[in-house]
Each structure stands twice: as structure tokens, then as C-alpha cells.
Amino acid sequence: MADIWIEPEEGTLHGSFSADRKPVVEVGPDDLVHVRTLDVSWGLEPPSTVDRSRNKFEPREDGPALCGPIAVRGAEPGMTLEVCIEKVVPAFWGWTYAGSDMSPLNRVSGVSGTPLRLVKWRLDGETGRAVSDLGISVPLRPFLGTIGVAPSSPEVRSGWHPYMGGGNLDCRELVAGSSLYLPIFAPGALVSVGDGHARQGDGEVGGMAIECPMDEVQLRFGLLEEPHLDGPWAQTPAGLITFGFAALLDDAFAMALNRMLDRLVERYGLTRPDALALASAAVEMRITQVVNGTKGVHALLPHDVVEPIAP
């Protein structure tokens, strides 16, 4: 077993997923990978003004600041990658911008055309709280907004959007103790991670969470020889999660629900109509994020809600 550190620097930082990108390290199933990340906007310091000017990493490319890619030894297309998230430690500062532009979210929220607002956050790992310059405190609940694998070559996937191989999921449930399962499209899987959030609500309704660097994210990787997945799913402290991504929320909803029904049929030996009846009683449908052109919905089956009774 090896402890491997990946720092955010030239050669490890990028903004997209590509099978043609050379991995920075190859790891095995017993290796513990420690990753330190920049914030989503490649910042080297917290923002101090609403004009968004600050010291940022150079050179940078379009997309969120991602670290990697990490090659997983033995990973081949058609297999499933298990990403075990063991620890997530945010840095001491974070930020949230809101308002100003004419985005759909701002229009429905009634803040289009208002002055851009910067909320600064102090992140206190000892107390487990984030304290804003508004004089408001919320509990820390850190997670990575973006975890994904490379698509098949020569396709390149922007780090701004979710897709079948993960990417910008922005799912608040992917906290420490979670395992994310991704279909593998390229040899080595080529995993990249970033987009740290100290806390986020379902939907990420203002367009941003508490964006922050991560001082340390601990990851382990495993390989499963199960049938090729049609998209990500996860086991989290909250329960089993399936995802849906589409331009329209209705389509993302249907995708997440149908993937959950597949799991219920497989897990409990139900017919599909019976699985739908069970889902109506036990599954929680949640809006993951609505901040980019690909909307996200996740279906959550909480732990210990369904209890099979022996005949």
C-alpha cells in the first residue's frame, strides 16, 4: 500500500476530461490517494471584491480547476470504477457570488440586474462551522462537486457539466464515507477531481455553493466486473443514489427514477410495477443542481427504510 499525494500545479491541473491526457500517477486498489485542490475558479487566494479580480493559477484552461488524471491499474472499458471518498477537509476560506446577471435562476429569483453580491466565508474545521460576513453560520458539509472519468478517445468532455462518466455532479450527498460508481470508457479510467464545496443545498439555487479549496481529499479506487453501467450511482451515508442528467428537469427526473427502479428490481426481486409502488413509498426524488445546461436529479433510497420480511 502506498500513500500518494497530488498537488495542484502545472501538469496536474486541467479543466476537462480526455482519454488523451497523460495520467500523473497510476494507483492500485490498496493505495491511498491524497489530493489537494484549488477552488473551482483556479483561485490562489480568496476573492475580496465583486469584480472577481484576484490572484489565480496560470496557465489555466476553460473549465473548473481539476486535479489528475489518476490512472487505476487494471481498469479497462466496460468495467466499473469504485471511488471511495474517505476524507474531505476544506481550507479555511470560501466564497459565494449571487445575483446580477440575467440567468434563468436570477430571473425567477427576482435578482436579475441587482448588484453582484460576494459573500465571504470563514471555514472552521474545529467547530465544524462556516461563518459568513453576513453574520450567519452554517454547518460544514464538505464534498467535491466534480469527480469523473475520461470518455472514449477522441471525445473531450468539459468539466462544467455532468455526464455518464460523472463530471460536475454537484451532489451534496457525496461526503466522506461515500462510494461513487462510474462506468469506465478509457484504459486506466483516468479520474480527475475538483470543485470543492464546503456546503451546498440541493439544487445549488444561487448558481454557486460555498466554493472553496480542499486541503485534503482522501480517495481509494476499486474495480468491479459487473455489467457496464449506463451512468453513475452511489452508496452514501444518506443511502443509495441514482442520477439523471438532461437539458430538461423532467427528463433528468425520469432517468434518475428509472435507474432507481432498476436497482429495486435487482435488489428485492420485484416486478417493475411493484418496484414503482415501493419507490413511491420509500424513494426521495431531489433536484441535484440546475446551474448549467445539463440539469441533475438524483433518487435517494435512505438506509433502513426498506426491510424485507422473510416468508
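Preceding this section is the structure that the text describes.
Rules used throughout
Residues numbered from 1 in each chain as written. Predicted model: local features only at pLDDT ≥ 70, side-chain atom pairs only at ≥ 80, totals over all residues. Heavy atoms only, no water. Helix = DSSP H or I, 4+ residues; strand = E, 2+ residues; numbered from the N terminus. Rg over C-alpha atoms; globule rule 2.2 N^0.38 Å. Buried < 20%, exposed > 50% of the residue type's maximum accessible area, 1.4 Å probe, protein only. Contact = heavy atoms within 4.5 Å. Areas by Shrake-Rupley, 256 points an atom, 1.4 Å probe, with all protein chains shown as cover. Lys, Arg positive; Asp, Glu negative; His and termini not counted. Charge placed at Lys NZ, Arg CZ, Asp CG, Glu CD. Pairing = 2+ DSSP bridges. Axes fitted to C-alpha atoms, helices over the stretch in contact; angles between N-to-C directions. Phe/Tyr/Trp six-rings, centres within 6.5 Å; stacked < 30°, edge-to-face > 60°. Lys NZ or Arg CZ within 6 Å of the ring centre and 35° of its normal. Expected span 1.5 Å × (residues − 1). Core = buried A, V, L, I, M, F, W, Y, C linked by side-chain atoms within 4.5 Å. Polar contact = N/O pair within 3.5 Å; in protein donor to acceptor, adjacent residues only side chain to side chain. Salt bridge = Lys/Arg side-chain N within 4 Å of Asp/Glu carboxyl O.

Undergrad: An account of the overall build of the protein chain is needed here, citing residue identities and associated values.
TA: Within the protein chain, the secondary structure is distributed over three helices and 22 strands. The C-alpha radius of gyration of the protein chain comes to 19 Å, within 12% of the 19 Å expected for a compact globule of 311 residues. Dimensions along the principal axes, computed over C-alpha positions, put the protein chain at roughly 65 × 45 × 40 Å. In the protein chain, which comprises 311 residues, the share counted as buried stands at 52%. In the protein chain, 72% of the contacts between residues at least 6 apart in sequence involve partners at least 24 apart. For the protein chain, the accessible area works out to roughly 13600 Å², and carbon and sulfur atoms hold 55% of it. Separation of charge centres in the protein chain, based on 25 positive and 41 negative side chains, amounts to 5 Å.

Undergrad: Could you give an account of the sheet that holds strand β22 (residues 295-302), naming the residues involved and the relevant values?
TA: In spatial order, the strands read β1-β5-β18-β7-β16-β19-β20-β22-β21; together these nine strands make up an open sheet with mixed pairing. Looking at the sheet topology across the chains shown, the edges are occupied by β1 (3-6) and β21 (284-289). This sheet shows a mean twist of 25° between the axes of neighbouring strands, independent of strand direction. With ten bridges connecting them, strand β7 (residues 80-90) and strand β18 (residues 214-224) associate as antiparallel partners. Across the sheet, residue glutamate 82 finds its bridge partner in β18, namely glycine 222. Sitting on the sheet, helix α2 (residues 249-268) touches β19 (233-236), β20 (239-246), β21 and β22, and the angle it makes with β20 is about 145°.

Undergrad: Quick rundown of the packing of aromatic side chains? Include the residues and the values.
TA: Scanning all chains against the criterion turns up five aromatic pairs. Geometrically, the ring pair formed by tyrosine 181 and tryptophan 233 is stacked, given 4.3 Å between the ring centres and 15° between the ring planes. Here the residue tyrosine 181 occupies a position in strand β16 (residues 178-183), and tryptophan 233 occupies one in strand β19, the gap between them amounting to 52 residues. Residue tyrosine 181 is classed as buried on the basis of its relative accessible area of 10%. Looking at arginine 52, its charged tip hangs above the ring of tyrosine 97, at a distance of 4.3 Å from the centre. For the cation-ring pair, arginine 263 lies above tryptophan 233, with the distance from its terminal atom to the ring centre recorded as 4.0 Å.

Undergrad: Break down α2 for me, with residues and values.
TA: Between its first and last C-alpha atoms α2 spans 28 Å; for 20 residues at 1.5 Å apiece the expected length is 28 Å, and the two agree. All of the buried residues along α2 are Ala252, Ala256, Leu257, Arg259, Met260, Leu261, Arg263 and Leu264. Residues of α2 that are buried in the fold lie against β19, β20, α3 (272-282), β21 and β22. Just downstream of α2 lies glycine 269, where phi reads positive at about 65°.

Undergrad: Break down the environment of alanine 281 for me, with residues and values.
TA: Residue position: alanine 281 is located in helix α3. Remark: the alpha-carbon pair of alanine 281 and valine 306, spanning 25 residues in sequence, is separated by 9.6 Å.

Undergrad: Before we move on, can you summarise the nonpolar core with the specific residues and values?
TA: Ranked by size, the top nonpolar core spans 51 residues in total, and within it Leu81, Leu180, Val191 and Phe221 carry the most contacts. Ignoring sequence-local partners within four residues, the contact set of valine 191 consists of Cys67, Gly68, Pro69, Ile70, Val72, Leu81, Ile147, Gly148, Val149 and Phe221. Judged by nonpolar contacts, the second largest core, of 18 residues, contains Leu257, Met260, Leu261 and Ala282.

Undergrad: Can you tell me about the sheet that holds strand β10 (residues 129-132), naming the residues and giving the values?
TA: A sheet is described by the order of its strands in space; here four strands give the open sequence β8-β9-β10-β11, paired in antiparallel fashion. The open sheet has two edge strands, β8 (93-98) and β11 (137-139), and neither has a second partner. Averaged over all pairs of adjacent strands, the angle between strand axes in this sheet comes to 25°, irrespective of strand direction. Looking at chain direction, β10 and β11 are connected through three bridges and run antiparallel. When the bridges of β11 are listed, arginine 129 appears paired with proline 139.

Undergrad: Describe the pairing of strand β6 (residues 66-72), and please don't skip the residues or the numbers.
TA: Counting buried residues in β6 gives seven out of seven residues, a clear majority hidden from the surface. Looking at chain direction, strand β2 (residues 13-14) and β6 are connected through two bridges and run antiparallel. Across the sheet, the residue bridging to leucine 13 is cysteine 67, located in β6. As paired strands, strand β4 (residues 25-27) and β6 are joined by three bridges and run parallel to one another.

Undergrad: Please set out the side chain of glutamate 173 residue by residue, giving values where relevant.
TA: With respect to the helices and strands, glutamate 173 occurs in the loop between β15 (166-168) and β16. Judged by relative accessible area, glutamate 173 falls into the buried class, the value being 3%. One polar contact links glutamate 173 to arginine 286, side chain to side chain, over a distance of 2.9 Å.

Undergrad: Account for the pattern of salt bridges, with residues named and values stated.
TA: For the coordinates displayed, the defined rule picks out 14 salt bridges. Glutamate 58 serves as the salt-bridge partner of arginine 60, at 2.4 Å between the closest nitrogen and oxygen. Since its relative accessible area comes to 39%, arginine 60 is described here as partly exposed. For the salt bridge of arginine 172 with glutamate 173, the shortest nitrogen-to-oxygen distance reads 3.6 Å.

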